[in-house]
Amino acid sequence: MASTKTIRLKVLRQDGPSSRDTKRWEEFDIAWHPRMNVISALMEIRKNPQTADGTKTAPVVWESSCLEEVCGSCTMLVNGKVRQACSALVDQVSPNGEPITLAPMTKFPLVRDLVVDRSRMFEDLKKVKAWVHLDGSHELGPGPRQSQENQEEAYPLSRCMTCGCCLEACPQVNGQSSFIGPAAINQVRLFNLHPSGKMHAAARLESLMGEGGIGDCGKAQNCVVVCPKEIPLVDSIAVVSRQTTKHMLFGWLLD
Ligand code: SF4
Ligand code: SF4
Ligand code: FES
């Protein structure tokens, strides 16, 4: 027998980046299914985009790809908390049938409805050179061996999916600041650890030493609490902060 249970979603919508006059909450009632998550609930709305009072509306726009908390693209505010919508189970976020609120992240430019533009995070990865340089496309032979200890420190840092949760939660990331945020700082730690990557450690540290760099972290530690990949962001900030101090004091000796 088909379930008669329904769930209510309250979605904060806006038709486009410059259409602030279209910003509004819309409510939707949809049929509940076992093991539903927020993305499958949004898919139900798309089948019949009509608000709870029966008014026809445009389908809600959101972004998703992997559906297994790996790509980071579905990050949004679910009941006010930043997280991935694909791993937000309806029964967990609304245990007693409470309405579920969905809103876009606030620290990134809005594209439409629940979609934001996270380009700044990818630009920041370029700024800190979050890669291992290659000297050419010819065969270079085996690189230096990475010790077990080094691998164990690097692996948790490598799980970042550039989702934006840490920037959303960070009080230092706001309209008045150019703070790069914890995700890129963590990537500096990761690539400075790598046996080949560390050849460009100085350039990475220098990219964090100016305005908007690591000195702007207020150490509020909100970032580590919200990171879905449990990346030790506060440790990474402390490690990279020590590296930048050392580079500032003694870097000239090594040049
Ligand atoms: S420790 Fe606080 S201020 Fe620093 S990056 Fe994390 S949330 Fe932002
Ligand atoms: S550090 Fe964590 S919260 Fe920040 S972007 Fe990476 S995975 Fe997301
Ligand atoms: S769809 Fe990839 S993390 Fe949710």
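Up top you'll find the structure we're talking about.
Residues numbered from 1 in each chain as written. Chains lettered and ligands numbered in written order. Predicted model: local features only at pLDDT ≥ 70, side-chain atom pairs only at ≥ 80, totals over all residues. Heavy atoms only, no water.

**A closer look at the site of ligand 2**
Close contacts around ligand 2 come from 13 residues, with C160, C163, G164, C166 and C227 the closest. Partitioning the shell around ligand 2 into residue classes produces 11 nonpolar, two polar and no charged. (Near = heavy atom within 4 Å. Nonpolar A, V, L, I, M, F, W, Y, C, P; charged D, E, K, R; others polar.)

**Points about the nonpolar core**
The biggest cluster of nonpolar side chains holds 39 residues, and the ones touching the most others in it are V128, L167, F179, I180, I185, L208 and V240. Of all the elements in the fold, those that place two or more residues in this core are helix 4 (148–157), helix 5 (165–169), helix 6 (182–193) and helix 9 (233–254). With seven residues, helix 6 is the single largest residue contributor to this core. Setting aside anything within four residues of it in sequence, one finds V128 in contact with I180, A184, V188, R204, S207 and L208. With 25 residues, the next largest nonpolar core counts M36, I39, V60 and A85 among its residues. (Core = buried A, V, L, I, M, F, W, Y, C linked by side-chain atoms within 4.5 Å. Buried < 20%, exposed > 50% of the residue type's maximum accessible area, 1.4 Å probe, protein only. Helix = DSSP H or I, 4+ residues; strand = E, 2+ residues; numbered from the N terminus. Contact = heavy atoms within 4.5 Å.)

**Let's talk about the site of ligand 1**
Neighbouring ligand 1 are C170, Q172, F179, P182, C217, G218, K219, A220, Q221, N222, C223 and I237. Taken together, the residues of the shell around ligand 1 break down into seven nonpolar, four polar and one charged.

**Looking at helix 4**
Listed in full, the buried residues belonging to helix 4 are N150, A154 and L157. With its buried residues spanning 50° around the axis, helix 4 presents them on a single face. Turned more than 90 degrees away from the buried face of helix 4, the exposed residues are Q148, E149, E152 and Y155. (Arc of directions from axis to C-beta.)

**Describing the sheet that holds strand 1 (residues 6–13)**
Picture the strands of a sheet paired through backbone hydrogen bonds; they go either parallel or antiparallel. The five strands lie next to each other as 2-1-5-3-4, forming an open sheet whose pairing is mixed. At either margin of the open sheet sits one strand with a lone partner, and together these are strand 2 (24–31) and strand 4 (81–84). The mean inter-strand angle of the sheet, taken between neighbouring strand axes irrespective of direction, is 35°. Direction of pairing for strand 1 relative to strand 5 (residues 100–103): parallel, over a ladder of three bridges. Paired with L9 across the strands is I100, a residue of strand 5. (Pairing = 2+ DSSP bridges. Axes fitted to C-alpha atoms, helices over the stretch in contact; angles between N-to-C directions.)

**Looking at the packing of helix 4 against helix 6**
At their nearest, the axes of helix 4 and helix 6 sit 9 Å apart, and the two run at 155° to each other. The orientation of helix 4 with respect to helix 6, classified from their angle, is roughly antiparallel. Handedness of the crossing formed by helix 4 with helix 6: left-handed. Every residue of helix 6 that contacts helix 4 at N150, E153, A154 and L157 is listed here: N186, Q187, R189, L190 and L193. The class makeup of the residues in the contact of helix 4 with helix 6 is four nonpolar, three polar and two charged. (Parallel < 35°, antiparallel > 145°, perpendicular 65-115°, else oblique. Left-handed = near helix turned anticlockwise from the far one by under 90°.)

**So, the pairing of strand 1**
Pairing geometry for strand 1 and strand 2, over eight bridges, is antiparallel. Residue I7 lies in a different strand from strand 2, and its bridge partner there is I30.

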